[in-house]
Amino acid sequence: MRGVRTAPRFEGGESFRRRVDDTVQLLGPLALVVVLALIASQTVNAADDVKFRTAIVNVAIVVALYVFVGNSGVLSFGQVSFVAVGAFAAGLLTVPADVKPGVLPQLFPFLRDHSISNPWSLTLAAGLGAVYALVVGVPLMRLSGLAAGIATFAVLGITYNILTYWTRIGPGATTLTLIPVTTDYLQATVGAVAVIAIAFAYQRSRWGRQLRATREDPAAAQAAGIDVHRQRLWAFVLSGALSGFAGGLLVHLPPGSITTNQVYLDLTFLTLAMLVVGGAHSLFGAVAGAIGISLVNILLQNGENGIHVVGWKISLPQGSSLVGVAIVMLVVLLLRPSGLTGGREFAIPRRLRRRPGAEPPAPAPEPGV
Amino acid sequence: MLRIVNFAYGQLIMIAAYMLVFTQGWGDAGAILIAVAAAVFASLVMERVTFRPLRTTSPATVLVATFAISYLLQNVALLRYTYQNRPVGDSVGVLGGLNRAAEIGSLHVRWITFVAIGAGVVSLVALALLLNRTSIGLQMRAAATDFHTARLLGVKANTVIMAAVAVSGVLAAVSAVILTIQSPQVTNTTGLNETIFVLVGVVVGGMNRLLSATLGGFAIGFANSFLGFELATQGSNSGTAVPFTSSVYLPSVIYVLVILVLLFRPAGLFARHGQAAVERV
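Being a predicted model, the structure only gives us computed values, none of them experimental.

How should I be thinking about the overall build of chain A in this particular structure?
Across its full length, chain A holds 15 helices and two strands. Counting across all 369 residues of chain A, residues that qualify as buried make up 54%. Considering only intrachain contacts with a sequence separation of at least 6, the fraction spanning at least 24 residues in chain A is 78%. For chain A, the accessible surface area stands at approximately 15,400 Å², while carbon and sulfur atoms represent 66% of it.

Next up, the structure:
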């Protein structure tokens, strides 16, 4: 963090270099996503195509999760609820209005008889995510630690339960199909880039810094006049909006269908694993973890379908990919509890940018998880 | 007791249940012994491999780690079926005779119901005796109240935590035996739903005393049965009915109650006043 550095030096180039550092912090994660998208869109075959687009959408979900968990230090199992709400809202309202009465006759009329375009569905998903997060967050943000973990888990359970059974607002226990497939590489990448940029702007803002202060020392932050509850709530709502938006991106992925089980425990586990492995305290960690775990996951999933190695066909049994992800997550937790990035933002390695006579003071590393 | 929340507890139950599957034909006593041993062994390994190295990290990290173990074990169990390419599930026959009905007047009650109640009572009494009448129990309670001070006074952290973890392994095996008699099908998700409800029960009751945690468990159990009875069995699936009057929404009602308890009685419904210890996890 910038504020950690010692007294500013009024040398020419110092403020310029800081600005460069700041830009690099944002450009690093963005470059990861864009490069992945460019390489994947040019080289990957049709079968893997969807998996890579899903990986980019996962980046958006994990960054949304990071906005709350990373900045506040409070654990939440509930963020996937907002993904679910966004996904089902965006999905339901983009299914063509002329087929809906046939497949989903029990829907409320305003859901059944209207349909909206792709951009509006994403906007709506973000809005609903924010509203739901606000409603849930006002009471829940008073909790922390274990209580917050259990309560947000309860929110996830309620969301899943109602979405699975209330057929007036959704498909219930059946699969929602016929959703237009609009999340191509462009939409996925632009969406993920937007989410990352918003997360970056937030964590550099006054509110973001206040929340990060409460993460490091709640008592000291409160003594300095920071309203812990309010700052956590803002982050929760922003995270809800971004999660809902990411849910909208998710639902428009091929094959254009979704079930409630897709946005429940497995996704919660996967996104938490991505965040923890990358390093929950930095944006770069969230993005790197999401991409890294996605790649491991894709590799293992392909292994489940059989890989040809020098004439031998090796196929891993179904379910190996989650076993692999769990092992990676455990190993990283044990060896580097603060994640692969150690909670640091992206920076150009020091030896590549050293200038004679202008050695900057070493920035104090942020305390671990 | 030590406020280490173990999301992977259900998987200890699952491991014990699988041991019952693997040891069919060894006789009931042998199978149960092996199941207990396996659950204790697994819980000790879990402690050694994850809890101990992570003891100095934040509670959230440990919680996430147990979440990962839970997923790991569930999916390893799932591999058993996908590898052999067959439907999920193994049947268990241990103590199957207990499923016969006992007739009391015109009532037909399965024997296992009595056995389950009996096992519950015996476990509780044994646990209470262990905590209140033995040295290690005293150490456990001391560690639960104030871990640092307890260590300063000579309580060995590793011994206490390992003892607590071993006890939880034994209890997991007991639950596994009872659960598999009641529904003799073991799958990779055996114990999963129980864990969620049990965790919720413990948190609702108050986790720093055996009594309050037990009462919390009963509270959730009663709420579950009572509400399950009250919520009509037809309900909103027909689309025209009043929403949320169906028993399918039971989990939502329970979860809402949990959130309310967490908000208004964070130390638990049955905690003593002024006793709001900060959890270690």
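Before we go on, may I ask you to explain the overall build of chain B in this structure?
Each helix and strand in chain B was counted, giving ten helices and four strands. Secondary structure of chain B in N-to-C order comes out as α-α-α-β-β-β-α-α-α-α-β-α-α-α. The proportion of buried residues among the 281 residues of chain B is 44%. The long-range share in chain B, meaning contacts at least 24 apart out of those at least 6 apart in sequence, stands at 66%.

Hey, could you run me through the pattern of salt bridges in this one?
Two side chains that carry opposite charge are able to pair once their charged atoms sit near each other. For the structure on display, the rule yields seven salt bridges over all chains. Measuring nitrogen to oxygen at the nearest pair gives 3.3 Å for the salt bridge that ties A:Arg112 to A:Asp113. We note a salt bridge from B:Glu47 to B:Arg52, for which the minimum N-O separation is 3.3 Å. Of the residues examined, B:Glu47 reaches a relative accessible area of 1% and is grouped as buried.

Looking at this structure, I do not really get the interface of chain A and chain B. What am I missing?
The figure often quoted for interface size is the accessible area lost as the parts come together. Each side of the interface is counted separately: chain A has 42 residues, and chain B has 44 residues. Buried surface at the junction of chain A and chain B, both sides included, amounts to about 3,900 Å², of which 81% is carbon and sulfur. For chain A, the biggest contributors to the area lost against chain B are A:Leu146, A:Ile150 and A:Tyr165; these three give 15% of the whole. Run the count over chain A and chain B and you get zero salt bridges. For the interface between chain A and chain B, the tally reads five residue pairs in polar contact (both at pLDDT 80 or more). Of all the secondary-structure elements, those providing two or more residues to the side of chain A that touches chain B are helix H6 (118-140), helix H7 (145-165), helix H12 (265-278) and helix H14 (320-335) of chain A.

Can you walk me through the confidence of the model for chain A in this structure?
Low pLDDT marks regions whose predicted coordinates should not be analysed in detail. Residue and element names in this part refer to chain A. With 89% of its residues at a pLDDT of 70 or more, chain A shows a mean pLDDT of 85. Confidence, read as mean pLDDT per element, is least for helix H15 (residues 350-353) in chain A (64) and greatest for helix H11 (residues 228-251) (95). Ignoring residues within four places in sequence, the model shows residues 357-362, a span with pLDDT below 50, making ten contacts including any to other chains.

Just to check I follow, could you spell out a nonpolar patch on the surface for this structure?
All names here are of chain B. On the surface, Leu-124, Leu-211, Leu-215, Phe-218, Phe-222, Leu-269 and Phe-270 cluster together into a nonpolar patch covering about 630 Å² of accessible area. In terms of residue count, helix H9 (residues 210-230) provides more of the nonpolar patch than any other element does, four residues in total. Tracing the chain through its elements places Leu-211 in helix H9. Accessibility expressed as a relative area gives 52% for Leu-211, which makes it exposed.

Would you take a moment to explain empty space enclosed by the protein for this structure?
A full pass over the atoms with the stated rule returns eight cavities of 30 Å³ or more. Approximately 110 Å³ is the volume found for the largest cavity. Residue lining of the largest cavity: A:Phe153, A:Leu265, B:Phe7, B:Gln11, B:Phe67, B:Ser70, B:Tyr71, B:Gln74, B:Leu192, B:Thr195 and B:Ile196, and that is the complete set. Counting residues per element, the ones that place at least two in the lining of the largest cavity are helix H3 (59-84) and helix H8 (192-205) of chain B. Among the elements that make up the lining of the largest cavity, the one with the highest residue count is H3(B) (four residues). Of the residues that constitute the lining of the largest cavity, the class distribution is seven nonpolar, four polar and no charged. Counting only domains with at least three residues in the lining of the largest cavity, you end up with domain 1 (1-190) and domain 2 (191-281) of chain B.

Where do I start with H6(A) in this structure?
Spacing of three or four residues puts side chains on the same side of an α-helix, whose turn is 3.6 residues. For H6(A), with 23 residues, the first-to-last C-alpha span of 32 Å sits near the 33 Å given by 1.5 Å per residue. Among all positions of H6(A), only A:Asn118, A:Ser121, A:Leu122, A:Ala125, A:Ala126, A:Gly129, A:Ala130, A:Ala133, A:Val136, A:Gly137 and A:Leu140 are buried. Buried positions along H6(A) lie against helix H3 (79-94), H7, helix H8 (185-204) and H11 of chain A together with helix H10 (250-264) of chain B.

Quick question: what am I supposed to make of the packing of H6(A) against H7(A) here?
Residues and elements named next belong to chain A. Running from amino to carboxyl end, H6 crosses H7 at an angle of 145°, the nearest separation of the two axes being 11 Å. As H6 packs across H7, the resulting crossing turns out to be right-handed. Seen from H6, the contacting residues are Tyr-132, Val-136 and Leu-140; seen from H7, they are Ala-151, Thr-152, Val-155 and Thr-159. Residue composition of the contact of H6 with H7, by class: five nonpolar, two polar and no charged.

Help me understand the nonpolar core, please; the structure alone is not making it clear to me.
For soluble globular proteins, nonpolar side chains are generally found buried alongside one another. Among the nonpolar cores identified, the biggest contains 177 residues, and A:Val63, A:Val263 and A:Phe269 are the most heavily contacted of them. The element contributing the most residues to this core is helix H2 (residues 46-72) of chain A, with 14 residues. Viewed by domain, this core spans two of them, domain 1 (1-190) and domain 2 (191-281) of chain B, each represented by three or more residues.

What exactly am I supposed to notice about the side chain of A:Asp49 here?
Residues and elements named next belong to chain A. With respect to the secondary-structure elements, Asp-49 resides in helix H2. The class of Asp-49 is buried, set by a relative accessible area of 14%. At 2.6 Å, the side chain of Asp-49 and the side chain of Arg-53 are in polar contact. Excluding anything up to four places from it in sequence, Asp-49 contacts Val-44 and Tyr-185.

Teacher, can you tell me more about H14(A) here?
With 16 residues, H14(A) extends 22 Å from end C-alpha to end C-alpha; this agrees with the ideal 22 Å at 1.5 Å per step. Along H14(A), the residues classified as buried are A:Ser320, A:Ser321, A:Leu322, A:Val323, A:Gly324, A:Val325, A:Ala326, A:Met329, A:Leu330, A:Val332 and A:Leu333.

In this structure, what is going on with the packing of helix H13 (residues 283-305) of chain A against H14(A)? I would like to understand it.
Packed helices, taken two at a time, are described by their axes: the angle between them and the distance between them. Residues and elements named next belong to chain A. Their axes nearest at 8 Å, the elements H13 and H14 cross at an angle of 145°. Two packed elements cross with a definite hand, and for H13 against H14 that hand is right-handed. Here Ile-293, Val-296, Asn-297, Leu-300, Gln-301 and Glu-304 of H13 come into contact with H14, specifically with Ser-320, Ser-321, Gly-324, Val-325 and Val-328. Across the contact of H13 with H14, the residue classes tally to five nonpolar, five polar and one charged.

Sorry, what's going on with the environment of A:Ala224 here?
Here A:Ala224 is to be found in the loop between helix H10 (218-223) and H11. Taking the C-alpha atoms as reference points, A:Ala224 and A:Gln210, separated by 14 residues in sequence, lie 9.7 Å from one another.

About the thresholds
Residues numbered from 1 in each chain as written. Chains lettered and ligands numbered in written order. Predicted model: local features only at pLDDT ≥ 70, side-chain atom pairs only at ≥ 80, totals over all residues. Heavy atoms only, no water. Helix = DSSP H or I, 4+ residues; strand = E, 2+ residues; numbered from the N terminus. Buried < 20%, exposed > 50% of the residue type's maximum accessible area, 1.4 Å probe, protein only. Contact = heavy atoms within 4.5 Å. Areas by Shrake-Rupley, 256 points an atom, 1.4 Å probe, with all protein chains shown as cover. Salt bridge = Lys/Arg side-chain N within 4 Å of Asp/Glu carboxyl O. Buried area = accessible area lost by both parts, 1.4 Å probe. Polar contact = N/O pair within 3.5 Å; in protein donor to acceptor, adjacent residues only side chain to side chain. pLDDT = per-residue confidence, 0-100. Patch = residues over 30% accessible without salt bridge, like charges linked within 9 Å, V, L, I, M, F, W, Y side chains within 5 Å. 1 Å grid on protein atoms, 1.4 Å probe; cavity = no way out; pocket = protein on both sides within 12 Å on 5 of 7 lines; lining within 4 Å. Points joined across faces, edges and corners; volume = space filled by probe spheres on them. Nonpolar A, V, L, I, M, F, W, Y, C, P; charged D, E, K, R; others polar. Domains from an automatic or database assignment. Expected span 1.5 Å × (residues − 1). Axes fitted to C-alpha atoms, helices over the stretch in contact; angles between N-to-C directions. Left-handed = near helix turned anticlockwise from the far one by under 90°. Core = buried A, V, L, I, M, F, W, Y, C linked by side-chain atoms within 4.5 Å.

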